[in-house]
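A structural walkthrough
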Amino acid sequence: MSVLSVDTVSRWYGNVVAVNDVTMTIGPGITGLLGPNGAGKSTLINLLGGFLAPSAGTVTLDGVTVWKNPEIYRTIGLVPEREAAYDFLTGWQFVLANAELHGLPDPGAAAQRALATVEMEFAQGRKVGEYSKGMKQRVKMASALVHDPSVLLLDEPFNGMDPRQRLHLMDLLRQMGVEGRTVLFSSHILEEVEQLAQQIEVMVAGRHAASGDFREIRRLMTDRPHLYVIRSSDDRALASALIADGSTAGVQLDGDVLSVETVTFLQFTELLPRVARAAGIRLFEVSPTDESLESVFSYLVKS
Amino acid sequence: MNGTVVRLTYRALLGGRRAWLLLLMSVLLLAMAVLLRVTVGVDHQITADFLGAVAVAALVPLFGLIVGTGVIGPEIDDGSIVYVLSKPIARPRIILSKFLVAACATVLFAAVPTFVAGLVMSGTASRIALGFGAAALVASVAYSAIFLLLSVVTRHAVVYGLAYALIWEGLLGSFVPGARTLSVQQWSLSLTEAISTRDLVSSDVRLAVAGVLLAVVIVGATWYAGQRLRVLSLAGEE
């Protein structure tokens, strides 16, 4: 069980602030680092992986400073975003070299185990340079797992993967999380984070914009407009009843579809059943149309 | 020293077309030596001029530059150095391993052909070949250390390396005598002057001074490269 702590960390390059006063704790389980491109995700991962000095603040792994401390790599496994990975080696040679560099007692067995974990044994005799993007990602993953680390840092691991490879990697990461490892992955794709992470840290423009599980983040922002699609026994009557209340910002009736935009989330959830009951209307379906992370996210980016 | 780093470095450096290019240039030097021997015959002054101008002043620094930057520069550029750095290995050990590969390769491709070219042109007479071979040897080691350091410090190592070799040692050295005191080429030539029994070359630097300066540069550059690798920042894509 390992815990990474980021304490009031900033990192700037000249006049550009890449990471701005971020404080977060990353514990066992899967944490998703979510944010648009340029939000400072890679910078943060580089800070966590000991490849960048914080301009201010401290980054620690179980209380030990990460920067200028190669010993942390006994605990950390790193999957970098960049593609290049000694293309002239075969997959086997590459993973074996990583095991040797770790000074493991039996590098051959460790490499074999890591390649089996990512199911890349079938291609281990081929050169890394000839791999597809997904295969490369898996062999990079194997190189990071070779010393059985309790912390795994992955920078945009799903980039360029096809859906099947994506599912496979997700299963693998879930497995790592279940085993009690601390897994942090970054992504700008909302569905990935939503499907995989128990804990989400949102970065926007270098700042730590939100933290929590997906629903928690959602609740933090209940004061923003929500959009619901409603099916009922009498959409038109319901529409007129709803527009009378101050918690609805707009009601639209488009053929069979009744969409309601609300101003206050909690008030509306209370209002809707009450209004429907009073008007004698049966509700068949009430579904939020923007419950995806995408909407949460665009809201955060705008604010 | 780390065996795996040595192996990876060696394969990255000499695995591709680079080995053939280096070999081709070495062979070219030998071919020119043979040509001179056949056309001009044995003339020790020509041997000294040729080895001084072509081998020690051009081939050795060029190889030192290609190899010294080649052992780590491409890895830093494409980011694959991260696989070596994300391991519990002391950074100076990584540098030492890379320096060893660079020095060996430069000696093999530049210093050995220089010695052989000397033998071809002058035989063992007056220890001319030995003198230039020794100069090329120490210069190879020194250039490897300098250019390795340069690659860790800056992403434009080749440009600065060329500027040093061409402008400082080549151009400035021939006009400003003071610049010669701080020149790997002059330091190594003081060794030739000391070994060769004939007065064919003259170095501006005394042997003892040159020896100390060479040692300081080789050890200092390698040590400092290790320190710089400890704080090497891998800039993100952003």
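Scroll up to find the structure.
Residues numbered from 1 in each chain as written. Chains lettered and ligands numbered in written order. Predicted model: local features only at pLDDT ≥ 70, side-chain atom pairs only at ≥ 80, totals over all residues. Heavy atoms only, no water.

**Side note on the interface of chain B and chain A**
Interface size is commonly expressed as the accessible area that is lost once the parts come together. Contacts between the two partners involve 31 residues from chain B and, on the opposite side, 35 residues from chain A. Counting the surface lost from both chain B and chain A, the interface buries some 3000 Å², and carbon and sulfur atoms represent 59% of this. Put simply, chain B and chain A have one salt bridge between them. Where Glu100 of chain A meets Arg7 of chain B, a salt bridge forms, and the shortest distance between an N and an O atom there is 3.1 Å. Our count for the contact surface shared by chain B and chain A stands at seven residue pairs in polar contact (both at pLDDT 80 or more). Listed by contribution, the elements that provide at least two residues to the side of chain B that touches chain A are helix 1 (3–14), helix 4 (73–78) and helix 5 (81–85) of chain B. Among the elements that make up the side of chain B that touches chain A, the one with the highest residue count is helix 1 of chain B (six residues). Each residue belonging to the side of chain B that touches chain A can be placed in one class, and the counts come to 14 nonpolar, seven polar and ten charged. (Contact = heavy atoms within 4.5 Å. Buried area = accessible area lost by both parts, 1.4 Å probe. Salt bridge = Lys/Arg side-chain N within 4 Å of Asp/Glu carboxyl O. Polar contact = N/O pair within 3.5 Å; in protein donor to acceptor, adjacent residues only side chain to side chain. Helix = DSSP H or I, 4+ residues; strand = E, 2+ residues; numbered from the N terminus. Nonpolar A, V, L, I, M, F, W, Y, C, P; charged D, E, K, R; others polar.)

**Some details on the pairing of strand 1 (residues 4–13) of chain A**
All names here are of chain A. For strand 1 and strand 4 (residues 56–61), the ladder comprises five bridges, and the chain directions are antiparallel. Of the residues in strand 4, the one forming a bridge with Leu4 is Leu61. Counting the residues in the hairpin turn of strand 1 and strand 2 (residues 16–26) gives two residues, including Gly14, whose phi is positive at 60°. (Pairing = 2+ DSSP bridges.)

**What about the pattern of salt bridges?**
All names here are of chain A. Across all of its chains, the model carries twelve salt bridges over all chains by this definition. Residue Glu71 is joined to Arg74 by a salt bridge in which the shortest nitrogen-to-oxygen separation is 2.7 Å. Taking relative accessible area as the criterion, Glu71 reaches 42% and is therefore assigned partly exposed. Taking relative accessible area as the criterion, Arg74 reaches 47% and is therefore assigned partly exposed. Several salt bridges share partner residues, and in doing so they unite Glu83, Asp87 and Lys136 into one network. (Buried < 20%, exposed > 50% of the residue type's maximum accessible area, 1.4 Å probe, protein only.)

**Structural notes on the sheet that holds strand 12 (residues 248–254) of chain A**
Residues and elements named next belong to chain A. Strand order across the open sheet formed by four strands is 12-13-11-14, with antiparallel pairing between neighbours. On the outer flanks of this sheet lie strand 12 and strand 14 (283–288), each paired with one strand and no other. Geometrically, the sheet is characterised by an average inter-axis angle of 20° between neighbouring strands, direction not taken into account. Where strand 11 (residues 226–232) and strand 14 come together, five bridges link them in antiparallel fashion. Among the inter-strand pairings, Ile230 is bridged to a residue of strand 14, identified as Val286. (Axes fitted to C-alpha atoms, helices over the stretch in contact; angles between N-to-C directions.)

**Regarding the packing of aromatic side chains**
Tallied over the full model, the rule gives eight aromatic pairs over all chains. Residues Tyr86 of chain A and Phe94 of chain A carry aromatic rings whose centres are separated by 6.5 Å and whose planes lie at 35° to one another, so their mutual orientation is tilted. Taking 5.0 Å as the distance between ring centres and 80° as the angle between the ring planes, the aromatic pair formed by Phe94 of chain A and Tyr83 of chain B counts as edge-to-face. Within this pair, whereas Phe94 of chain A is found in helix 2 (residues 91–101), its partner Tyr83 of chain B is found in helix 5, the two belonging to separate chains. Phe94 of chain A gets classed as buried once you look at its relative accessible area, which sits at 1%. For Tyr83 of chain B, a relative accessible area of 2% puts it in the buried group. (Phe/Tyr/Trp six-rings, centres within 6.5 Å; stacked < 30°, edge-to-face > 60°.)

**Remarks on the nonpolar core**
All names here are of chain A. By size, the foremost hydrophobic cluster in this structure holds 139 residues, and its most contacted members are Leu44, Leu48, Phe94, Val95, Met141, Leu152 and Leu173. If sequence neighbours within four positions are ignored, Leu44 has contacts with Val6, Val19, Val22, Met24, Leu33 and Met203. Listed in part, the 13 residues of the second largest apolar core include Leu242, Leu258, Val260 and Phe268. (Core = buried A, V, L, I, M, F, W, Y, C linked by side-chain atoms within 4.5 Å.)

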